[in-house]
Amino acid sequence: MLFTSYEFLGFLFLALTAYYIVPKKAQSAVLLGFSYLFYFLSDGRALVFLLVTTATVFFAAKKLGELHASQEACLKEHKAEFSREEKKAVKEEFLKKRRKWLLFGLLLNLGILAVCKYTNFAIANVNGLLHFFGRTEEFSPISLLLPMGISFYTFQSLSYLIDVYRGKYPPQRSLSRYALFVSFFPQMIQGPISRYDELSATLYGPHSFDPAQLSSGLQRVLWGYFKKLVIADRLLPAVNLIIRTPEEYHGAYAFAGMLFYALELYADFTGGIDITIGIAEAMGIRVRENFIRPYFSKSVKEYWNRWHITMGQWFTDYIFYPVSVSGPMLKLSKWGRAHLGNVIGKRLTVWVSCLIVWFATGIWHGASWNFIVWGLGNCIILLVSQELEPFYRWFHSRVNLEDRFGWKLFRILRTILLMSSLRMFDCYRDVPLTFRMFFSMFTAGNWKVLVDGSLLNLGLDPKDFLVLLGGLFLLITVSLLQRKRSVREQIRTLAYPARFALWFGLFLVVLVFGAYGVGFDASQFIYNQF
Amino acid sequence: MQASSSTISSEKEALSFEALKEQEEKGRGNRKNRLSAAACIAVSAALILGVLALLQALLMPKYMGKIVEGAMVAEYYGEVKDHDMVFVGDCELYENFDPVYLWKQYGINSYIRGSAQQLIWQSYYLMEETLQYEHPKVMVFNVLSLQYNEPQKESYNRMTLDGMRWSKTKIDDINASMTKGEQFLDYVFPILRFHSRWKELEQDDFTYLFHKRQVTFNGYYMRTDVKPAENVPEGKPLGNYNFGDNAWDYMDRIVKLCRDNDVQLLLVKAPSLYPFWYPQWEEQVEEYAAANHLEYINFLELTEETGLDFQTDTYDAGLHLNLSGADKISDYFGGLLAKGNPEYGREAMPDRRGEPELSSRWEEKIKAYEAEIRRQKENPPGIDP
């Protein structure tokens with residue numbers, strides 16, 4: 001079910017109404033019912049995958065909790081009798097058992113994700129290798145179901161399992177409550193990837209009906225629809241045309257397409273997250289922020305701390321740190337120090353861990369080489385800028401630029417261009433083509449198409465561009481205002497007529513200028529496919 | 001002691017009085033707050049509804065310029081509904097038959113409920129709706145729409161459906177007509193469909209925001225210009241000449257509707273040269289008419305009797321007739337209607353020119369009709385694309 005469909009709006013109305021009219025004790029059950037209904041209506045056949053992940057992770061975590069409790073009870077019972085070594089041995093024994101359950105949960109669910117999402121990628125690569133070695137036989141791709149939001153709910157479930165394994169918090173005792181954590185419908189399409197300890201604090205209520213909270217949540221939903229319908233979906237025809245006909249649209253067109261896509265992706269993804277967080281807020285539930293004005297970042301590192309935050313933190317907490325301190329990495333570090341010197345040896349594990357994380361980030365986005373190259377490209381930029389840090393410090397100690405507006409603006413624009421050019425791998429979905437299109441920007445010499453009206457032949461007329469410019473202006477204005485505090489809070493301080501005019505005005509803008517309905521292709525959120 | 005106790009009690013009274021007063025004031029304040037909140041909500045709601053209604057009215061197509069077909073269905077509701085004959089169908093009716101001529105020559109009070117590419121189920125529902133307003137003696141249906149078995153174009157759907165008044169009939173009609181990708185909600189709130197018309201707004205959208213001009217004369221769309229029919233294209237061979245089950249089902253429903261309401265159904269094939277009317281289609285209609293004992297007139301076979309000349313009587317090379325052609329057809333048809341047809345139990349259509357009230361209504365219409373003829377003669381409308 002598309003967030004932008006009438007059906008979803010009807011569904012949301014019913015869900016909100018039911019949520020607040022049932023007794024507070026039943027709110028969780030109602031929400032779970034609506035969450036499963038949402039999943040069933042969106043991707044009915046894949047519901048079984050969601051159920052399997054929910055059940056296996058719940059029971060594995062339950063087992064981990066029991067083992068934790070048994071270990072503690074055993075140590076407590078024999079506190080006086082056990083020597084230090086014996087205590088260690090008991091802990092080791094329990095750790096082994098816990099590890100088995102953790103591995104069971106991880107392998108099973110990552111296995112499901114891998115089979116559903118990566119089988120055909122693996123087959124294509126095996127076929128490529130066979131061709132490379134001159135063999136003519138090849139494996140046919142398999143038609144597999146890719147359950148909606150599988151990457152999001154699998155990662156969310158695994159973070160819960162690992163946290164329980166680490167003893168960060170005890171497991172949830174109620175299966176239905178845990179199921180709600182995994183399937184909470186607003187975040188099923190494109191996240192954010194919530195953490196159990198954060199989301200569960202407000203997910204299970206009880207929540208009294210609060211008109212101010214409801215209206216605040218719906219205001220954020222409206223802002224999300226503005227980004228999605230007025231900006232992202234209006235840009236869609238031009239982006240699609242440029243991407244799908246690269247032989248015709250290259251050079252300056254590829255540059256325009258790159259910027260259009262950067263804007264479309266931002267408006268699409270952050271719009272979807274605004275809708276998700278807004279719906280949750282309307283129910284009194286706090287969902288973690290996923291973006292903090294990423295296009296205002298002055299470096300790629302800062303950008304990744306502000307873009308898709310929950311994913312970045314997931315990879316940091318559950319891949320980067322464990323990998324960095326894993327046995328093989330410690331050995332590598334030792335080897336590096338011995339053979340490559342202290343400076344490089346110390347950094348070696350960070351570089352390798354970083355490469356692993358960004359490889360995983362890339363492949364998480366999609367089962368194809370373009371995403372892997374995109375991930376590795378980000379990694380290289382991050383590592384290079386990290387290694388150049390001493391040079392930057394030296395440079396700024398000599399040239400006082402850091403506080404200058406022009407320098408800040410330059411850094412922001414540089415980050416936008418860097419990130420947008422890497423996103424071209426996401427656009428074209430073909431590594432050699434992406435490189436060709438990227439280099440065509442410097443070789444085609446057709447920059448005049450940016451000013452001679454050629455851009456008006458991309459499925460957008462001057463009025464569309466006017467709407468986009470207006471939308472962009474509003475987007476930037478809101479982002480600038482957000483730096484002080486939430487724009488909704490600032491609007492709340494205004495007199496009622498002004499508040500009414502602003503929100504109703506925004507509603508009318510979405511209603512009239514939104515790209516939806518007959519004549520527009522209903523588009524799913526871009527991150528839905530990940 | 002007494003004095004002090006009385007002082008205490010009076011103090012208590014004073015205190016309780018103060019408290020009561022305070023409570024009362026608080027209550028008044030709360031009531032005032034509630035009232036102002038309610039007023040705020042009421043004003044906001046009214047403003048929201050008003051603005052949305054205005055915006056919807058502005059953004060909906062007016063059909064007052066070159067394409068007027070979308071304004072036809074709604075015009076019927078402004079009529080005094082005592083017609084003796086109602087035509088229901090596509091452009092082959094509203095461009096080829098002239099109710100003004102039928103009135104002037106035969107005193108027949110008729111109306112055409114036509115719209116562009118009106119599909120057979122749309123005709124059925126328009127007939128059903130018409131019968132909720134009046135009880136004509138005869139209903140005329142043009143059989144060309146039997147060729148469509150499934151919903152066709154969204155834009156034509158809107159031209160027929162947006163003009164209809166809300167009723168169960170309209171809901172059924174929408175459900176039967178929606179093409180893939182259309183949403184029922186877009187009919188309930190047309191602003192959802194036409195929101196992107198902000199790009200196309202023109203003077204007409206403001207001129208006809210609150211009122212519309214009459215675009216037909218009792219449903220007849222008049223054209224006086226001439227474009228002779230030359231090089232009329234032959235019909236392309238079809239894979240299957242059989243009309244579809246859905247179309248036949250609605251044909252059956254039309255027959256039943258008329259029988260149940262004691263209305264004489266008259267099938268016609270208007271004399272348009274194209275879309276091509278295949279002999280195989282003709283056969284099926286003739287068989288159906290015979291099997292159901294229905295009167296059927298194919299005007300394509302009556303060019304001699306009607307005196308139709310495709311060099312002078314069409315404004316778009318044979319697709320539709322101009323005023324001269326429509327009057328020739330209406331003259332012939334009026335003659336048949338005035339006589340009646342005992343074979344099908346059709347009584348002669350009454351000449352109502354003697355009814356003063358009806359005559360005066362027609363007088364008004366004739367004045368406008370003649371003014372339009374003069375206007376078109378002075379400013380020929382040209383040829384529709």
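Draft legend 1. Expanded view of the overall build of chain A. A tally of helices and strands in chain A yields 21 helices and zero strands. By its C-alpha atoms, chain A is 85 × 65 × 60 Å across when sized along the principal axes. The 530 residues of chain A split such that 51% are buried. For chain A, the computed accessible surface area is about 25,600 Å², with 66% contributed by carbon and sulfur atoms.

Draft legend 2. View of the overall build of chain B. Along its length, chain B carries 15 helices and five strands. Taken over C-alpha atoms, the radius of gyration comes to 30 Å for chain B, far larger than the 21 Å a tight globule of 385 residues would show. The principal-axis extents of the C-alpha atoms in chain B amount to approximately 125 × 50 × 50 Å. The 385 residues of chain B split such that 49% are buried. Within chain B, counting contacts between residues at least 6 apart in sequence, those at least 24 apart form 81% of the total. Just so you have it, chain B exposes about 18,900 Å², and 54% of that area is on carbon and sulfur atoms. Side chains of chain B carry 42 positive and 61 negative charges; the gap between the two charge centres is 9 Å.

Draft legend 3. Focus on the packing of aromatic side chains. Residues and elements named next belong to chain A. Under the criterion given, the structure shown has 86 aromatic pairs over all chains. Measuring from centroid to centroid gives 5.4 Å for Phe438 and Phe439, while their planes differ by 75 degrees, and the two rings are edge-to-face. For Phe439, a relative accessible area of 47% corresponds to the partly exposed category. An aromatic cluster of three or more residues is present, and its members are Tyr266, Phe269, Phe291, Tyr295, Tyr303, Trp304, Trp307, Trp358 and Trp374.

Draft legend 4. Structural view of the domain arrangement of chain A. Residue and element names in this part refer to chain A. The domain boundaries assigned to chain A delineate domain 1 (6-209) and domain 2 (214-529). Centre-to-centre separation of domain 1 and domain 2, based on C-alpha positions: 27 Å. Taken together, the contacts link 41 residues of domain 1 with 41 residues of domain 2. A buried area of about 3,400 Å², summed over both sides, lies between domain 1 and domain 2, and 65% of it is on carbon and sulfur atoms. Of all residues in domain 1, Phe121, Gln190 and Arg195 give up the largest surface area on contact with domain 2, accounting jointly for 20% of the area buried on that side. Put simply, domain 1 and domain 2 have two salt bridges between them. Ionic pairing is found between Asp317 and Arg195, a salt bridge with its closest N-O pair at 3.0 Å. Where domain 1 meets domain 2, there are 15 residue pairs in polar contact (both at pLDDT 80 or more). Contributions of two or more residues to the side of domain 1 that touches domain 2 are made by α1 (6-21), α4 (84-132), α5 (150-165) and α7 (196-203). Among the residues making up the side of domain 1 that touches domain 2, the classes are represented as 26 nonpolar, 10 polar and five charged.

Draft legend 5. Quick look at a nonpolar patch on the surface. All names here are of chain A. A contiguous nonpolar patch, built from Val48, Val52, Trp101, Phe104 and Leu108 and spanning about 380 Å² of accessible area, is present on the exposed surface. Elements represented by at least two residues in the nonpolar patch include exactly α3 (47-77) and α4. With three residues, α4 is the single largest residue contributor to the nonpolar patch. Assignment of secondary structure puts Val48 in helix α3.

Draft legend 6. Spatial organisation of the environment of Glu282 of chain B. All names here are of chain B. Take Glu282: it is sitting in helix α12 (residues 279-291). A relative accessible area of 8% places Glu282 in the buried class. Aside from chain neighbours lying at most four places away, what touches Glu282 is Trp277, Tyr296, Asn298 and Glu301.

Draft legend 7. Up close: the side chain of Thr434 of chain A. Considering the arrangement of structural elements, one finds Thr434 of chain A in helix α18 (residues 431-443). When residues no more than four places from it in sequence are discounted, the contact partners of Thr434 of chain A are Met424, Phe425 and Tyr428 of chain A.

Draft legend 8. Summary view of the interface of chain B and chain A. Opposite the 19 residues of chain B that make contact, chain A presents 19 residues. Counting the surface lost from both chain B and chain A, the interface buries some 1,800 Å², and carbon and sulfur atoms represent 71% of this. Three residues stand out in chain B for area buried against chain A, namely His195, Trp198 and Lys199 of chain B, and they jointly supply 36% of the buried area on that side. One can count two salt bridges joining chain B with chain A. We note a salt bridge from Lys199 of chain B to Asp464 of chain A, for which the minimum N-O separation is 2.8 Å. Joining chain B to chain A, the criterion identifies nine residue pairs in polar contact (both at pLDDT 80 or more). For the side of chain B that touches chain A, the elements supplying multiple residues, two or more each, are α1 (2-59), α8 (184-188) and α9 (191-194) of chain B. The element that contributes the greatest number of residues to the side of chain B that touches chain A is α1 of chain B, accounting for eight residues.

Draft legend 9. Representation of the pairing of strand β3 (residues 138-142) of chain B within the structure. All names here are of chain B. When you tally the buried positions in β3, you get five out of five residues, the bulk of the element. Judged by which residues are buried, β3 turns out to be covered on both faces: Val138, Val140 and Asn142 on one side and Met139 and Phe141 on the other are all buried. Of the strand pairs in this sheet, strand β1 (residues 85-89) and β3 are connected by four bridges, and their pairing is parallel. Bridged to Phe87 within β3 is Val140. Both β3 and strand β4 (residues 264-269) contribute to a ladder of five bridges, which runs parallel.

Draft legend 10. Representation of the nonpolar core. In this structure, Phe8, Phe38, Phe185, Ile285 and Trp304 of chain A are the most contacted members of the largest nonpolar core, which totals 157 residues. For this core, the element with the highest residue contribution is helix α9 (residues 252-282) of chain A, accounting for 19 residues. Looking at this core, you find at least three residues from each of domain 1 (6-209) and domain 2 (214-529) of chain A. Aside from chain neighbours lying at most four places away, what touches Trp304 of chain A is Met311, Trp358, Trp374, Asn378, Leu382, Met419 and Arg423 of chain A. Among the nonpolar cores identified, the runner-up in size contains 49 residues, and Val215, Ala229, Leu266 and Leu323 of chain B belong to it.

Draft legend 11. Region of interest: the sheet that holds β4 of chain B. Residue and element names in this part refer to chain B. In spatial order, the strands read β2-β1-β3-β4-β5; together these five strands make up an open sheet with parallel pairing. The open sheet has two free edges, formed respectively by β2 (110-114) and β5 (295-298), since each of these has just one partner strand. Each strand axis lies, on average, 20 degrees off the axis of its neighbour in the sheet, ignoring direction.

Draft legend 12. Spatial organisation of the packing of helix α8 (residues 211-244) of chain A against α9 of chain A. Residue and element names in this part refer to chain A. Where α8 contacts α9, the two axes come as close as 7 Å, and the packing angle between them is 160 degrees. With respect to each other, α8 and α9 are oriented roughly antiparallel. For the pair α8 and α9, the sense of crossing is left-handed. Its residues assigned to classes, the contact of α8 with α9 shows 23 nonpolar, eight polar and eight charged.

Draft legend 13. Seen up close, a negative patch on the surface. Residue and element names in this part refer to chain A. A grouping of Glu77, Glu81, Glu85 and Glu86 is seen on the molecular surface, where their side chains present a negatively charged patch. Residue position: Glu81 is located in the loop between α3 and α4. A relative accessible area of 55% places Glu81 in the exposed class.

Draft legend 14. Up close: the pattern of salt bridges. Residues and elements named next belong to chain B. Taken as a whole and judged by the stated rule, the model has 45 salt bridges over all chains. Asp82 serves as the salt-bridge partner of Arg352, at 3.0 Å between the closest nitrogen and oxygen. Separated by 270 residues along the polypeptide, Arg352 in the loop between α14 (323-339) and α15 (356-378) and Asp82 in the loop between α2 (72-75) and β1 bring together distant segments of the chain. Residue class for Asp82 comes out partly exposed when judged on its relative accessible area of 26%. Taken together, the shared-partner salt bridges connect Asp82, Asp84, Lys137, Arg352, Glu355, Glu357 and Arg361 into one network.

Draft legend 15. Spotlight on α14 of chain B. An ideal rise of 1.5 Å per residue puts 24 Å on 17 residues; α14 of chain B measures up with 24 Å between its terminal C-alpha atoms. Looking one or two places after α14 of chain B, you find Gly340 of chain B, whose phi comes out positive at around 80 degrees.

Draft legend 16. Representation of helix α2 (residues 27-43) of chain A within the structure. Residue and element names in this part refer to chain A. Compared with an ideal rise of 1.5 Å per residue, which puts 17 residues at 24 Å, α2 spans 24 Å between its outermost C-alpha atoms and is within 8% of the ideal. The complete set of buried residues in α2 reads Gln27, Ser28, Val30, Leu31, Leu32, Phe34, Ser35, Tyr36, Phe38, Tyr39 and Asp43. Taken together, the buried residues of α2 touch α1, α3, α5, α6 (175-183) and α7.

Reading the values: the criteria
Residues numbered from 1 in each chain as written. Chains lettered and ligands numbered in written order. Predicted model: local features only at pLDDT ≥ 70, side-chain atom pairs only at ≥ 80, totals over all residues. Heavy atoms only, no water. Helix = DSSP H or I, 4+ residues; strand = E, 2+ residues; numbered from the N terminus. Buried < 20%, exposed > 50% of the residue type's maximum accessible area, 1.4 Å probe, protein only. Areas by Shrake-Rupley, 256 points an atom, 1.4 Å probe, with all protein chains shown as cover. Rg over C-alpha atoms; globule rule 2.2 N^0.38 Å. Contact = heavy atoms within 4.5 Å. Lys, Arg positive; Asp, Glu negative; His and termini not counted. Charge placed at Lys NZ, Arg CZ, Asp CG, Glu CD. Phe/Tyr/Trp six-rings, centres within 6.5 Å; stacked < 30°, edge-to-face > 60°. Domains from an automatic or database assignment. Buried area = accessible area lost by both parts, 1.4 Å probe. Salt bridge = Lys/Arg side-chain N within 4 Å of Asp/Glu carboxyl O. Polar contact = N/O pair within 3.5 Å; in protein donor to acceptor, adjacent residues only side chain to side chain. Nonpolar A, V, L, I, M, F, W, Y, C, P; charged D, E, K, R; others polar. Patch = residues over 30% accessible without salt bridge, like charges linked within 9 Å, V, L, I, M, F, W, Y side chains within 5 Å. Pairing = 2+ DSSP bridges. Core = buried A, V, L, I, M, F, W, Y, C linked by side-chain atoms within 4.5 Å. Axes fitted to C-alpha atoms, helices over the stretch in contact; angles between N-to-C directions. Parallel < 35°, antiparallel > 145°, perpendicular 65-115°, else oblique. Left-handed = near helix turned anticlockwise from the far one by under 90°. Expected span 1.5 Å × (residues − 1).

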